Amino acid sequence: MRRTVIAALLLAAPVAPLSAQATRSISASDKAQGAQANPELLAQYGGKYAGPQVAFVDRVGKRVALQSGLSNAADDFTITLLNSPIENAFAIPGGYVYVTRQLLALMNSEAELASVLGHEVGHVAANHASKRNTRATIGSILAAGIGAATGSSLLTQIAGTGAQLYTLGFSRGQEYQADGLGVRYSYAAGYSPYAMSRMLTQLNNETTLQGQIAGRTSSVPSFASTHPNGAARIAKARELARATGRPEDRPAQDSVFLKMLDGMVYDDDPAQGVVSGQTFRHPALRIAFTAPAGYQIANGTDAVTIQGSGGQAQFSLGTATADLGAAIAQRFTTLGANGAGVAVQSGRTNGIDYSFATTAAAASGRAVDATVVAYRFPNATYLFTLITPQGSGMGPFGALVSSMTTLSASEAAAVKGKRVRIVTVGRNDTIDSLAAKMAYPSFQRERFLTLNGLTNSSVLSQGMLMKIIVEG
């Protein structure tokens with residue numbers, strides 16, 4: 001009850017026109033902090049996306065961010081659409097606001113986009129980053145069964161950079177406060193305050209679907225893991241909207257927003273490699289490997305992570321060299337692990353020579369094995385870094401190491417990505433007929449419903465716009 005009152009007061013506070021507000025700008029220290037982290041975050045999330053959606057997101061982001069009071073100058077904000085297949089959004093000090101194309105594709109209106117961006121700016125305005133509980137594992141480096149936590153030099157190096165701290169989760173109270181600020185900012189910018197609850201419903205449904213696809217009772221996509229969701233939070237977001245005094249709306253389809261999405265890359269960008277089932281294929285590098293059954297593959301810009309109950313592996317590109325032993329030693333040094341005197345062994349798989357070595361390492365006070373595998377290619381050296389429980393060596397990743405193979409020119413050309421296509425419902429179209437066009441071998445109907453914010457009882461009308469995912 002107390003939280004509801006606080007949220008209502010927050011929304012009731014008048015938002016002065018920008019011309020009436022005292023001139024302010026983002027501090028020099030915040031700008032410097034954001035500028036330092038921005039390149040690292042871009043590298044972690046696929047870099048900037050290039051497409052007509054960029055200008056749209058930039059316009060909405062600046063319109064909402066200006067309501068925060070962080071600055072009165074639109075140019076003080078840098079709104080970035082990330083080329084990432086991960087559903088996520090975040091903001092950092094210095095006026096940097098980010099949303100991934102995968103999360104954008106889940107939205108069905110400009111108002112939903114505004115609510116998400118407003119929420120993220122709210123975290124910065126409330127200075128939540130400095131109050132965050134940082135006990136969570138950076139980048140989920142080890143599976144829960146191994147139990148690593150923030151603070152391990154080895155794990156931090158494998159994860160990437162300290163910029164990932166910006167995308168760790170917030171407390172429930174902080175999320176509710178950011179929801180309140182997000183509703184306030186987006187409403188002040190002229191959007192429906194009910195878009196927040198609709199967006200959270202979308203995310204909840206996506207979380208459930210991903211769990212079904214993965215064969216689990218629950219699943220937590222990146223945005224949901226850093227932004228706790230659920231029925232209670234959706235209800236609170238609806239209360240926040242009602243506190244504005246505006247009646248709940250049932251808006252018509254946002255055709256401008258939906259048409260804007262047409263042609264946007266969905267899931268993996270082939271330029272960064274494509275995950276299909278348990279296999280990763282990179283058409284430009286002409287390589288492929290297969291993860292163990294039950295392990296999840298996360299495709300990043302400069303690395304691919306494979307995680308499961310028995311440990312975690314990371315695939316990355318190393319400096320081309322004929323001396324694989326030196327490449328392994330260098331990798332251990334980079335990780336902060338002691339590789340001196342470690343025996344290097346050799347192997348060969350699918351016509352590819354490789355070497356590997358295992359050393360004992362510590363991860364947040366726990367003993368683990370760190371194994372580095374280096375493959376010799378004509379113009380590159382590819383590496384696997386494996387982290388497993390002490391005494392396991394490669395553990396469950398032996399088959400992964402042996403699965404490394406090359407792609408022929410025709411095999412590489414056959415690796416296709418996916419795109420969002422906007423189609424108009426025809427006279428004879430149904431949910432099932434349109435869902436059958438989704439470029440997936442399973443869960444076509446469920447994917448179609450979730451992507452379009454529909455339910456099993458929804459009825460399509462001629463002329464409506466629908467999102468489908470196609471190859472190409």
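Residues numbered from 1 in each chain as written. Predicted model: local features only at pLDDT ≥ 70, side-chain atom pairs only at ≥ 80, totals over all residues. Heavy atoms only, no water.

Draft legend 1. Highlighting the overall build of the protein. Helices and strands together make up the secondary structure of the protein, namely 16 helices and 17 strands. When each of the 472 residues of the protein is scored for burial, the buried share is 51%. Contacts in the protein between residues at least 24 apart in sequence constitute 67% of all its contacts with a sequence separation of at least 6. With the model as given, the accessible surface of the protein reaches about 20,100 Å², and the carbon-plus-sulfur share is 51%. (Helix = DSSP H or I, 4+ residues; strand = E, 2+ residues; numbered from the N terminus. Buried < 20%, exposed > 50% of the residue type's maximum accessible area, 1.4 Å probe, protein only. Contact = heavy atoms within 4.5 Å. Areas by Shrake-Rupley, 256 points an atom, 1.4 Å probe, with all protein chains shown as cover.)

Draft legend 2. Seen up close, the sheet that holds strand β7 (residues 287–290). Strands sit in the order β5-β6-β7-β15 across an open sheet of four strands; the sheet is antiparallel. In this open sheet, the two strands that pair with only one neighbour each are β5 (274–276) and β15 (405–406). Direction of pairing for β7 relative to β15: antiparallel, over a ladder of two bridges. When the bridges of β15 are listed, I287 appears paired with T406. (Pairing = 2+ DSSP bridges.)

Draft legend 3. Representation of the confidence of the model for the protein in the model. Predicted confidence across the protein gives a mean pLDDT of 83, with 82% of residues reaching 70 or more. Counted against residues more than four places away or in other chains, residues 132–165, with its pLDDT under 50, gives 76 contacts. With pLDDT under 50 throughout, residues 217–227 is counted as low confidence; its partners more than four residues away or in other chains account for 33 contacts. (pLDDT = per-residue confidence, 0-100.)

Draft legend 4. Geometry of the nonpolar core. Among the nonpolar cores identified, the biggest contains 65 residues, and L103, L104, M107, L113, F257, L261 and F448 are the most heavily contacted of them. In terms of residue count, the dominant contributor to this core is helix α5 (residues 110–125) (six residues). Core analysis: the second largest hydrophobic core is formed by 25 residues, F280, I287, V304 and M404 among them. (Core = buried A, V, L, I, M, F, W, Y, C linked by side-chain atoms within 4.5 Å.)

Draft legend 5. Highlighting the environment of Q272. On the secondary structure map, Q272 appears in the loop between β4 (265–266) and β5. The class for Q272 is buried, based on a relative accessible area of 13%. Spatially, the C-alpha atom of Q272 lies 6.3 Å from that of T301, the residues being 29 residues apart in sequence.

Draft legend 6. Seen up close, the pairing of strand β3 (residues 96–100). Across the five residues of β3, five count as buried, placing the element largely inside the fold. On β3, burial covers both faces: Y96, Y98 and T100 on one face and V97 and V99 on the other are all buried. Sheet analysis places strand β1 (residues 78–82) next to β3, joined by five bridges and oriented parallel. Paired with L82 across the two strands is T100, which belongs to β3. Bridge count for strand β2 (residues 89–92) against β3 is four bridges, and the pairing is antiparallel. In the sheet register, I92 faces β3, and the bridge partner there is Y96. Remark: three residues form the turn of the hairpin made by β2 and β3, two consecutive strands paired antiparallel; G94 in that turn has positive phi of roughly 100 degrees.

Draft legend 7. Structural view of helix α7 (residues 172–188). Its 17 residues place the ends of α7 24 Å apart at the C-alpha level, agreeing with the 24 Å of an ideal helix rising 1.5 Å per residue. Burial of α7 is extensive: 12 of the 17 residues sit out of reach of the surface. Looking only at α7, the buried set comprises Q174, E175, Y176, A178, D179, G180, L181, G182, V183, R184, Y185 and S186. The first or second residue beyond α7 is G190, which carries a positive phi of 100 degrees. (Expected span 1.5 Å × (residues − 1).)

Draft legend 8. The packing of aromatic side chains, seen in detail. Throughout the structure, instances matching the rule amount to 13 aromatic pairs. Relative to F315, the ring of F289 lies with its centre 5.0 Å away and its plane at 50 degrees, an arrangement referred to as tilted. Separated by 26 residues along the polypeptide, F289 in strand β7 and F315 in strand β10 (residues 311–318) bring together distant segments of the chain. Each member of the pair, F289 together with F315, is buried. Relative to Y382, the ring of F315 has its centre 5.6 Å away and its plane inclined at 35 degrees; by these criteria the two rings are tilted. You can see F315 sitting in strand β10 and its partner Y382 sitting in strand β14 (residues 380–389), a full 67 residues away along the chain. Comparing F315 with Y382 shows no difference in burial state: the two are buried. (Phe/Tyr/Trp six-rings, centres within 6.5 Å; stacked < 30°, edge-to-face > 60°.)

Draft legend 9. Quick peek at helix α2 (residues 28–44). With 17 residues, α2 extends 25 Å between its outermost C-alpha atoms, agreeing within 8% with the 24 Å of an ideal straight helix rising 1.5 Å per residue. Helix geometry: α2 is bent most strongly at N38, by close to 30 degrees, with proline P39 lying one to four residues after it. Among the residues of α2, those classed as buried are G34, A37, N38, L41 and L42. (Bend = angle between axes of the 7 residues up to and from the residue.)

Draft legend 10. Geometry of unusual backbone geometry. Residue R286 is not a glycine yet carries a positive backbone phi of 60 degrees. Turning to its location among the elements, R286 is positioned in the loop between β6 (279–282) and β7. Even without being glycine, N350 reaches a positive phi, approximately 50 degrees.

Draft legend 11. Here's a closer look at the sheet that holds β3. Pairing in this open sheet of three strands is mixed, and the strands run β1-β3-β2 from one edge to the other. Since the sheet does not close on itself, it has two edges, and those belong to β1 and β2, each with one partner. Put simply, the sheet's adjacent strands are angled 15 degrees from each other on average, direction ignored. (Axes fitted to C-alpha atoms, helices over the stretch in contact; angles between N-to-C directions.)

Draft legend 12. The arrangement of the packing of α5 against α7 in detail. Taken N-terminus to C-terminus, the directions of α5 and α7 make an angle of 120 degrees; their axes are 7 Å apart at the nearest point. With respect to their mutual orientation, α5 and α7 come out oblique. α7 is crossed by α5, and the crossing has right-handed handedness. Listed contacts from α7 to A114, S115, G118, H119, V121, G122, H123 and A125 of α5 are Q174, E175, A178, D179, L181, G182, Y185 and S186. (Parallel < 35°, antiparallel > 145°, perpendicular 65-115°, else oblique. Left-handed = near helix turned anticlockwise from the far one by under 90°.)

Draft legend 13. Geometry of the pairing of strand β16 (residues 418–424). Here β4 pairs with β16 via two bridges, running antiparallel. In the sheet register, Y266 faces β16, and the bridge partner there is K418. The pairing of β16 with strand β17 (residues 465–471) spans seven bridges and is classified as antiparallel. Directly across from R421, in β17, lies its bridge partner I468.

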